[in-house]
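# Results of the structural survey
Listed below, chain by chain, are the residues.
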Amino acid sequence: MGEYVIKLPDVGEGVAEAELVEWNVKIGDLVREDTVLAAVMTDKATVEIPSPVDGEIIWLGGEIGQVLAIGSPLVRLKIEGEGHTAEPEPAKPVKAEAPEPAVKKAEAPKPQPEKAKSKPVTETETPLVAPRVLSGSAPRGEGEKPLASPAVRLRAREAGVDLRQVSGTGPAGRITHEDLEAFFARGSQKPGIAALAPDSSIKEIKVVGLRRKIAEKMAIAKSHIPHITYVEEIDVTSLEELRAMLNSKKRADQPKLTILPFLMRAMVKAIADQPQLNALYDDEANIIHQHGGVHIGIAAQTPNGLVVPVVKHAEARTLWDCAAEVNLLADAAKTGSATREQLSGSTITITSLGSMGGVVTTPVINYPEVAIIGVNKISVRPVWDGTNFIPRKMMNLSSSFDHRVIDGWDAAVFIQRIKTLLETPALIFVEG
């Protein structure tokens, strides 16, 4: 018998460490070659680590949420024959989202038996149908008059309590002040209403995997970038009419158009006039990397958190190409099948909450980019046309810029150019 050591393999070019987000085995387990032992996460992808040999797990090299260096020991196995240390080999990313089991393990709350015992054990867990009888007479029927003194009746009336629902412990079932106190203590003021009780429980949720990556990136963006947010309202009535017409005449093999492809094409045209908006800022080297290709990140919400798949070279895509690529990337992000290539390389980002987009947002820039375009919901508002108020479909764009390299004037010019293109959508299709 020998010992076989598996080291954390190279999980991506330039990656020096990875976060452990899932164990698929435990000490004492017998595994076969290619059994998935663990999953680790880099900045862009989650990678499964398989076993290269058969053996028994005798040691695990970390806890969920721990960051491990590439090449550090990950698993030790007892194997037949001579043991040795496995040289780490490049691993392949398998999915872009944090694996669900890791989140479930991290979210397990600590047992709190004392607190559970201290909670009331009356009608706090299920809806109240009728008050529980402690002693004495049972609650009365609809036509039965309860026995109580005038003082007790007045107190019950002021509290909104039907005395027929209160059990009396006095002579002949008379309801006393103590009976009212017991009724109040149970939280039962009216029949059919669930009793209320304070909830003092605390759930501890460990921030690991994709959620931790999101938190780290947001913290860097807000701490490094002085944001300036510029909000402008856009009249999208004509755009919505054009979109509806194009969708009604589209071919079966063409995707349904949303507002995003139009916005992407408008951004491409606006960037042609202001290329400094399509850039990454290396603030450590004080270098701005201005890109010729427009690679638009589309912030997408998934069951495990926010990811940003990227539509590459939007400047070379038609309206329908943009729509098809957005659909493809959105599906990949939601199912966890997006590749590292699909989730990296953006030069400017769009963020949208669709119909829940609110009136105004203050989007956080996708560091190290210098601009992000926030799409708010479309709503019908009265707009003055010089003579009358007329209903128009209006949408706000809430956009943030890195004020270190983008002046407020330049930000306003950029958004005004997009506004013009969206309000006169025929201009989107005009060359030059």
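Residues numbered from 1 in each chain as written. Predicted model: local features only at pLDDT ≥ 70, side-chain atom pairs only at ≥ 80, totals over all residues. Heavy atoms only, no water.

## Description of the nonpolar core
- In this structure, Phe-262, Ile-296, Ile-350, Phe-414, Ile-418 and Leu-422 are the most contacted members of the largest nonpolar core, which totals 46 residues.
- The element contributing the most residues to this core is helix α7 (residues 259-273), with ten residues.
- In contact with Phe-262, other than residues within four places in its own chain, are Leu-239, Leu-242, Arg-243, Leu-246, Leu-257, Leu-319, Leu-422, Ile-428 and Phe-429.
- Counting residues in hydrophobic clusters, the runner-up holds 23 residues, among them Tyr-4, Ile-6, Leu-8 and Leu-74. (Core = buried A, V, L, I, M, F, W, Y, C linked by side-chain atoms within 4.5 Å. Buried < 20%, exposed > 50% of the residue type's maximum accessible area, 1.4 Å probe, protein only. Helix = DSSP H or I, 4+ residues; strand = E, 2+ residues; numbered from the N terminus. Contact = heavy atoms within 4.5 Å.)

## Describing unusual backbone geometry
- The omega torsion of the bond from Tyr-367 to Pro-368 falls at 5 degrees, within 30 degrees of zero and hence cis.
- For Pro-368, the position within the fold is in the loop between β17 (348-352) and β18 (371-384).
- One non-glycine residue, Asp-34, adopts positive backbone phi at about 80 degrees.
- Considering the arrangement of structural elements, one finds Asp-34 in the loop between β3 (30-31) and β4 (36-41).
- The class of Asp-34 is exposed, set by a relative accessible area of 56%.

## Thoughts on the packing of aromatic side chains
- Tallying each qualifying case throughout the model produces two aromatic pairs.
- With a centroid separation of 6.4 Å and an interplanar angle of 90 degrees, the aromatic rings of Phe-401 and Phe-414 are classed as edge-to-face. Placement of Phe-401 in strand β19 (residues 389-402) and of Phe-414 in helix α9 (residues 408-423) is noted, with a sequence separation of 13 residues between them.
- A relative accessible area of 0% means that Phe-401 is categorised as buried. (Phe/Tyr/Trp six-rings, centres within 6.5 Å; stacked < 30°, edge-to-face > 60°.)

## A few points about the pairing of strand β8 (residues 73-79)
- Note that strand β1 (residues 2-7) and β8 share six bridges and pair antiparallel. By the bridge assignment, Glu-3 is partnered in β8 with Lys-78.
- Bridge count between strand β6 (residues 55-60) and β8: four bridges; the pairing is antiparallel. Its bridge partner lying in β8, Trp-59 is registered against Arg-76. (Pairing = 2+ DSSP bridges.)

## Quick word on helix α6 (residues 237-249)
- Over its 13 residues, α6 extends 19 Å from the first C-alpha to the last, a length consistent with the 18 Å expected when each residue adds 1.5 Å.
- The set of residues buried in α6 consists of Thr-237, Leu-239, Glu-240, Leu-242, Arg-243, Leu-246 and Asn-247.
- Packing partners of the buried residues in α6 comprise β11 (227-235), α7, α8 (319-335), β18, β19 and α9. (Expected span 1.5 Å × (residues − 1).)

## Let's talk about the confidence of the model for the protein chain
- For the protein chain, mean pLDDT is 83; residues scoring 70 or higher make up 82% of the total.
- Within the protein chain, the element-level pLDDT minimum falls on helix α1 (residues 100-107), averaging 40, and the maximum on α9, averaging 98.
- Scored below 50 in pLDDT, residues 94-138 makes 93 contacts in the model with residues more than four places away or belonging to other chains.
- Per-residue pLDDT stays below 50 along residues 188-194; that stretch engages in 16 contacts with residues further than four places along the chain or on separate chains. (pLDDT = per-residue confidence, 0-100.)

## Notes on α7
- Between the first and last C-alpha of α7 there are 22 Å, a value that for 15 residues agrees with the 21 Å anticipated at 1.5 Å per step.
- A side-chain oxygen of the first residue of α7 lies 3.3 Å from the backbone nitrogen of Leu-260; this N-cap is Thr-258. (Polar contact = N/O pair within 3.5 Å; in protein donor to acceptor, adjacent residues only side chain to side chain.)

## With respect to a nonpolar patch on the surface
- Together, Val-231, Val-359 and Val-360 give the surface a local cluster of nonpolar side chains, amounting to about 240 Å² of exposed area.
- By the element assignment, Val-231 lies in strand β11.
- A residue is classified by how much of its surface remains accessible, and Val-231, at 35% relative accessible area, is partly exposed. (Patch = residues over 30% accessible without salt bridge, like charges linked within 9 Å, V, L, I, M, F, W, Y side chains within 5 Å. Areas by Shrake-Rupley, 256 points an atom, 1.4 Å probe, with all protein chains shown as cover. Salt bridge = Lys/Arg side-chain N within 4 Å of Asp/Glu carboxyl O.)

## Section: the pairing of strand β13 (residues 287-290)
- Bridge analysis of strand β12 (residues 279-282) against β13 gives four bridges, and the strand direction is antiparallel. Across the sheet, the residue bridging to Ala-279 is Gln-290, located in β13.
- Here β12 hands over to β13 after four residues, with Asn-286 in that stretch at a positive phi of 55 degrees.

## Re the pattern of salt bridges
- With the rule as written, the count across this model stands at 17 salt bridges.
- For Lys-26, the salt bridge goes to Asp-29, with nearest N and O atoms at 3.3 Å.
- With a relative accessible area of 53%, Lys-26 lands in the exposed category.
- Salt-bridge contacts for Arg-164 lead to Asp-162; the nearest nitrogen and oxygen are separated by 3.0 Å.
- Taken together, the shared-partner salt bridges in this structure form one network comprising Glu-19, Arg-212 and Glu-216.

## Some details on the packing of α7 against α8
- Interhelical geometry of α7 versus α8 gives an angle of 120 degrees and a closest axis separation of 9 Å. One finds that α7 runs oblique with respect to α8. Considering the relative orientation of α7 and α8, their crossing is right-handed. For the pair formed by α7 and α8, the contact residues are Leu-260, Pro-261, Phe-262, Met-264 and Arg-265 on the first element and Leu-319, Cys-322, Ala-323 and Val-326 on the second.
- A breakdown of the residues in the contact of α7 with α8 according to their chemical character gives eight nonpolar, no polar and one charged. (Axes fitted to C-alpha atoms, helices over the stretch in contact; angles between N-to-C directions. Parallel < 35°, antiparallel > 145°, perpendicular 65-115°, else oblique. Left-handed = near helix turned anticlockwise from the far one by under 90°. Nonpolar A, V, L, I, M, F, W, Y, C, P; charged D, E, K, R; others polar.)

## Things to note about the side chain of Asp-283
- One can find Asp-283 in the loop between β12 and β13.
- Within the structure, the side chain of Asp-283 is placed 2.9 Å from the side chain of His-224, a separation counted as a polar contact.
- Looking at Asp-283, its side chain comes within polar contact range of the side chain of Tyr-367, at 3.2 Å.
- Aside from chain neighbours lying at most four places away, what touches Asp-283 is His-224, Tyr-367 and Arg-404.

## Quick word on the environment of Lys-269
- Secondary-structure assignment places Lys-269 in helix α7.
- C-alpha of Lys-269 to C-alpha of Val-430: the two residues are 161 residues apart in sequence and 9.9 Å apart in space.

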